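# Architecture and fold: a report
Residues per chain, in single letters:
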Amino acid sequence: MSPAMEAISISNLRKNYGSVVAVEDLTLRVRAGTLFGFLGPNGSGKSTTIGCLTGLLDPTSGDMRLFGEPMTPSSAALKRRIGVMPENLALFEPLYAHEFLSFHARIFGLEEDTARRRTAELLEALELTDTRKQLSEFSAGMRKRIAFAAAVIHSPELLFLDEPFESIDPAGVALMKTWLRRFVDQGKTVFLTTHVLDTVERLCEEAAIITKPGKLVWQGDITALSRDGSIKADGCEFDALEPLFLHLTGEKYTQLEWL
Amino acid sequence: MRELIQLRYKLLWAKTRNRNGRIALFLTGYLLLIFFIAVLAAGGFSAGMVAIKEGHAELMASVVLGGLFVNGIISAALLGFGVNTEFSGAALRRYPLTARQRFLARHLIGVLDPIWFLILALESGLAFGLYVFGTASLTVGLFAVLVLVITNYLAARAVSLLIERVARLPGGSAVLLVLVSLFSFAGVIPALGIGHQLKPLLGILRLTPPAAAARLMLAGDLASFVPACSLLLSGLMLSAAAVLVLERLPVPSKASSGPAASTSGSLDRFASLFGLSIGPLLARFLRYYLRNNRIRAMYPLAIPTVGFLLVMNAAQRGSEILTFALGAFATLSFLSTAPMAVNPFGYEASGFRRHFLLPVAPGAPLRAASYASVLLGSLLIPVALLLWAAFAPVPLTPATLFMLFASGLTGLFFFNALAIWTALYGPRKVDYNSSFGNNLSLLGNVVFIGALLLCLAGPQALSHVVKRPALLAHWWVPGLAALVAIWFYRVTLSKGAVLFVRRRELMLQIIEGWN
């Protein structure tokens, strides 16, 4: 893969929190124009990796590039090309939904008219039309929709979505999936984390699985699942992502006799 | 229920694992030691001994118990000591308890909070002192103390519930702060010379639970025991009834009291004057300030508070009032926004991390947060100058106006610069919607209280050394101070921007509550 075609390039990323290693020697490439699933057990370093990629966290060592350019906290031009929906949503809670989206549109450089139009369209499409409530008063699902809308309002080229579908109702999820597919069809890239492996199977083209602490154990094309009915990995054949995930991460279902 | 009480204490202990918790533990230990000494020395033996030797045992006991009663209410209801949301009625629903058991558990946990043990210890000291030095019965004394502490807890709970409900009403926070300010200023009534007019009102105090407890402690016979005991138990029943009624009252919805969402475009237009990078951030921070309960209460009260202090000093100091006014003007602009200015990011919870995902220069959020405080504070200076021009008790000259203006600017920029350092080195995770209680970090408290002391006590000390003619002859000094303060602010902004990015992970840990 030539660097020009890479939306994300991570080489030997390591992130420590004091003596705790959150990510260890992670190397990963994501092609531009793909919907990429980034999978791993709880605490495996997925959110930390996204934090490092988006300039939120300083990596302890390693190199990270988006569209071939190194990402640092001061990379304002690069940040304008990406959209981020953090796992904890990071909303400015005392604002109203339209204020929050307008703020995002303006700070990402949209003209006032465009900002106003896109804000109205997103609020309408995501059914966020209750203007009496501040963000802190919305339900978990509605808050997630607002965070999603803020991530996409400036039409980024690369979208980071950390657990985007949890708490959202089926209609909302279907709408978001449709948008994401159209987004990728335009040559843009989506990097998403989720624990819902079925969603990754149906939505993504490629996936990577990491295990604690942030070690890459597999990366590959998952369209083979729908095309051939199975994926080959680690000398075995898997008919779905779940058995592959459990095999590679060593996660086991413990039987509790009393449950 | 025993497990729940144990859980309450485990959570208290868990809080000591972080740095702020250890500081709190140290201060609590230190305070406990002082309280222990106070129990033995002042609260108990000494108070009892003095009371009996002076022949005013009942009055002394009433004053001591009344002071502790008020302190209990202030500590629990206003300063936020005591049980928090982990043990609210809603939170207790997760446990297998009936409604009645939940009610009992909540209040049992509440009354067994450490704050009430402290008050119980102090009041028991008094009962013991009265017993040792007088003829009072220890059993009756301890009974009175026990009933009084329970009444105190219930009264504090009733006040908390009332505050919670009033704060949610439109303009409720301002109303509450006015009431608290009036209560605080009650101490200056003697200075106003109206104390004798209020004397009839003091008779009512004899009907309060502390006065009843004091009479009960000293009751020598059945004839004095029965009325005192009845009065004390009536206070207990009334407090319990108030809690029951207030708990059943519906909490007003916050949604209906919020400002209309469509009227906020003017802030964006104003903030856009600061450029495309800072403008949207500034508009956002201005909204944060203007929608915060504490700022909405403190901002309109800043000028009346300073005016009140000036009037008080005018009566005492005559022509030296100008010296005091210079200090008052310096604190005016900062006082109005300080609760948020010293900790602007602590109110954001997870929203804090979004600043680093935005395509803006490093440090832009810090600048925007500080600009919002400076802008709002600066608006008060011309208003205060106009009021000074209208009501000043000293001759109005261009020199005095310049001095006051420059003093206002000095305070504005100097204290907002200190607030930036506090925001970086002393952030604290706080609830944006809370209205009462001291929610500043240790460093925030040092800056806030230090600023007040410096500006209010400093000029008083200065007025002994520098008299008015000398002050007017050096009219240019406040101007020079303002220039230095502006320079300090600019340097702080520039250094702070770098530190803001460098310290972001540490601030994330504190503000998002990782530790």
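In this report, the structure presented in the accompanying data block is examined. Quick caveat: nothing in here was measured; it's all calculated off a predicted structure.

Quick look at the sheet that holds strand β5 (residues 69-70) of chain A now. Residues and elements named next belong to chain A. If you trace the 4 strands from one edge of the open sheet to the other, you get β2-β1-β4-β5, paired in antiparallel fashion. Looking at strand neighbours, the two that pair on one side only are β2 (20-31) and β5, the edges of this open sheet. Bridge analysis of strand β1 (residues 6-17) against β2 gives 8 bridges, and the strand direction is antiparallel. When the bridges of β2 are listed, L13 appears paired with L26. Contacts between helix α1 (residues 46-53) and the sheet are confined to β1, β2 and β4 (61-66), with β1 contributing the most and set at about 115° to the helix.

All names here are of chain A. Considering the arrangement of structural elements, one finds L161 in strand β7 (residues 158-162). The class for L161 is buried, based on a relative accessible area of 0%. Considered as a pair, L161 and L135 are 26 residues apart in the sequence and their alpha carbons are 19 Å apart. Setting aside residues up to four positions removed in sequence, L161 forms contacts with M85, F148, L180, V190, F191, L192 and T193.

Let us now look at the pattern of salt bridges. Counted by the stated rule, this structure contains 24 salt bridges over all chains. Of the charged contacts, one joins R81 of chain A and E157 of chain A as a salt bridge, the two residues approaching to 3.0 Å between their closest N and O atoms. With a gap of 76 residues between them, R81 of chain A in the loop between α2 (76-79) and β6 (82-85) and E157 of chain A in the loop between α5 (140-152) and β7 connect regions that are remote in the sequence. Here E157 of chain A falls in the partly exposed class, since its relative accessible area comes to 32%. The salt bridge partner of R106 of chain B is E247 of chain B, with a shortest N-O separation of 2.8 Å. With R106 of chain B in helix α4 (residues 99-111) and E247 of chain B in helix α11 (residues 222-248), the pair connects residues that are 141 residues apart, well separated along the chain. Several salt bridges share partner residues, and in doing so they unite E99 of chain A together with D268, R287 and R291 of chain B into one network.

Turning our eyes to something else, we now look at the sheet that holds strand β8 (residues 189-193) of chain A. Residue and element names in this part refer to chain A. If you trace the 6 strands from one edge of the open sheet to the other, you get β6-β7-β8-β3-β9-β10, paired in mixed fashion. Pairing within the sheet leaves two strands with one partner each, and these edge strands are β6 and β10 (215-221). Ignoring strand direction, the axes of neighbouring strands in this sheet form an average angle of 15°. Packed onto the sheet, helix α9 (residues 241-249) meets β3 (35-39), β9 (206-211) and β10 and runs at close to 30° relative to β9.

Across the contact, 33 residues belong to chain B and 38 residues belong to chain A. A per-residue breakdown of the area chain B buries against chain A is headed by R354, L357 and P359 of chain B, which together make up 24% of the total. R287 of chain B is the partner of E99 of chain A in a salt bridge, and the nearest nitrogen-oxygen pair spans 3.3 Å. Inspection of the region where chain B meets chain A yields 15 residue pairs in polar contact (both at pLDDT 80 or more). Within the residue set of the side of chain B that touches chain A, elements represented by two or more residues are α13 (279-291) and α23 (504-511) of chain B. Of the residues forming the side of chain B that touches chain A, the biggest block, 6 residues, is contributed by α13 of chain B.

What follows deals with α23 of chain B. Of the positions making up α23 of chain B, those classed as buried are R504, E505, M507, L508 and I511 of chain B. Each buried residue of α23 of chain B sits inside an arc of 160° when the element is viewed along its axis, so together they form one side. Looking at the packing, one finds that the buried side of α23 of chain B touches β1 of chain A together with α19 (398-425) and α22 (477-502) of chain B. Positioned one or two residues after α23 of chain B, G513 of chain B has a phi angle of 75°, which is positive.

Right, let's get into a nonpolar patch on the surface. All names here are of chain B. A surface patch of nonpolar side chains, amounting to about 890 Å² of accessible area, comprises F402, W475, W476, V477, L480, L483, V484, W487 and V491. Sort the elements by how many residues they give to the nonpolar patch and α22 lands first, with 6 residues. Looking at where L483 falls in the secondary structure, it is placed in helix α22.

This brings us to the packing of aromatic side chains. Within the structure shown, the criterion is met by 26 aromatic pairs over all chains. Centroid distance F274 of chain B to Y371 of chain B: 6.0 Å. Interplanar angle 40°. Geometry classified as tilted. Pair noted here: F274 of chain B is in the loop between α12 (265-271) and α13 and Y371 of chain B is in helix α17 (residues 364-378), with a separation of 97 residues, a long-range link. On the accessibility criterion, F274 of chain B (35% relative accessible area) is partly exposed. Within the aromatic cluster, the residues linked to one another by ring pairs are F285, Y288, F345, Y347, F352, F356, Y432 and F500 of chain B. Positioned above the aromatic ring of F67 of chain A, the side-chain terminus of R81 of chain A is 4.1 Å from the ring centre.

Residue and element names in this part refer to chain B. Put simply, helix α6 (residues 138-167) and helix α10 (residues 209-217) touch, their axes get as near as 8 Å, and they point 170° apart. Taken together, the axes of α6 and α10 are roughly antiparallel relative to one another. From α6, V140, G141, F143, A144, V145, L148 and T151 reach across to α10, where they touch P209, P210, A213, L216 and M217. The residue inventory of the contact of α6 with α10, partitioned by class, reads 10 nonpolar, 2 polar and no charged.

Residues and elements named next belong to chain A. Following K212, the chain continues to P213 via a peptide bond in cis, the omega torsion being -10°. Although it is not a glycine, D25 adopts a positive phi angle of roughly 55°. Here D234, not a glycine, exhibits a phi torsion of approximately 55°, which is positive. Mapping D234 onto the fold places it in the loop between β11 (231-233) and β12 (236-238).

Analysis parameters
Along every chain, residues carry numbers that run from 1 in the direction the sequence is written. Following the order in which they are written, the chains are lettered starting with A and the ligands numbered starting with 1. Thresholds applied to this predicted model are a pLDDT of at least 70 for local features of residues and 80 or more for the giving and counting of side-chain atom pairs; totals over whole chains, interfaces and linings are not thresholded and use all residues. Side-chain numbers here rest on the full set of heavy atoms in the structure, without hydrogens or water. When DSSP finds at least two bridges between two strands, those strands are taken to pair. In DSSP terms, a helix is any run of H or I states spanning at least four residues, a strand is any run of E spanning at least two, and both are numbered starting from the N terminus. Contacts between residues were defined by any pair of non-hydrogen atoms, one from each residue, lying within 4.5 Å. What counts as an axis is a line fitted to C-alpha atoms, over the stretch in contact for a helix, and the angles between N-to-C directions run from 0 to 180 degrees. Only protein chains enter the area calculation, which uses a 1.4 Å probe; residues under 20% of their type maximum are buried, those over 50% are exposed, and those in between are partly exposed. When a carboxyl oxygen of Asp or Glu is within 4 Å of a side-chain nitrogen of Lys or Arg, the pair counts as a salt bridge. For any pair of parts, buried area is found by adding up, for both, the accessible area (1.4 Å probe) each one loses once the two are put together. Polar contacts, as used here, are pairs of N or O atoms within 3.5 Å; protein pairs need one atom able to donate a hydrogen and one able to accept it. Residues neighboring in sequence count only if both atoms are side-chain atoms. In this context, the arc is that of the directions from the helix axis out to the C-beta atoms. Patch definition: residues above 30% relative accessible area lacking any salt bridge, with like charges linked at up to 9 Å and the nonpolar side chains Val, Leu, Ile, Met, Phe, Trp and Tyr linked at up to 5 Å. What sets the accessible areas is the Shrake-Rupley method with a 1.4 Å probe; for residues, cover comes only from the shown protein chains. In this analysis, rings of Phe, Tyr and Trp, with Trp reduced to its six-membered ring, are considered paired at centre separations within 6.5 Å, and the interplanar angle assigns stacked below 30 degrees, edge-to-face beyond 60, and tilted for intermediate values. Here, a charge over a ring means that NZ of Lys or CZ of Arg falls within 6 Å of the ring centre while also lying within 35 degrees of the ring normal. Reported orientations rely on four angle classes, namely roughly parallel under 35 degrees, roughly antiparallel over 145, roughly perpendicular from 65 to 115, and oblique for the rest. Note on residue classes: Ala, Val, Leu, Ile, Met, Phe, Trp, Tyr, Cys and Pro are nonpolar, Asp, Glu, Lys and Arg are charged, and everything else, Gly too, is polar.

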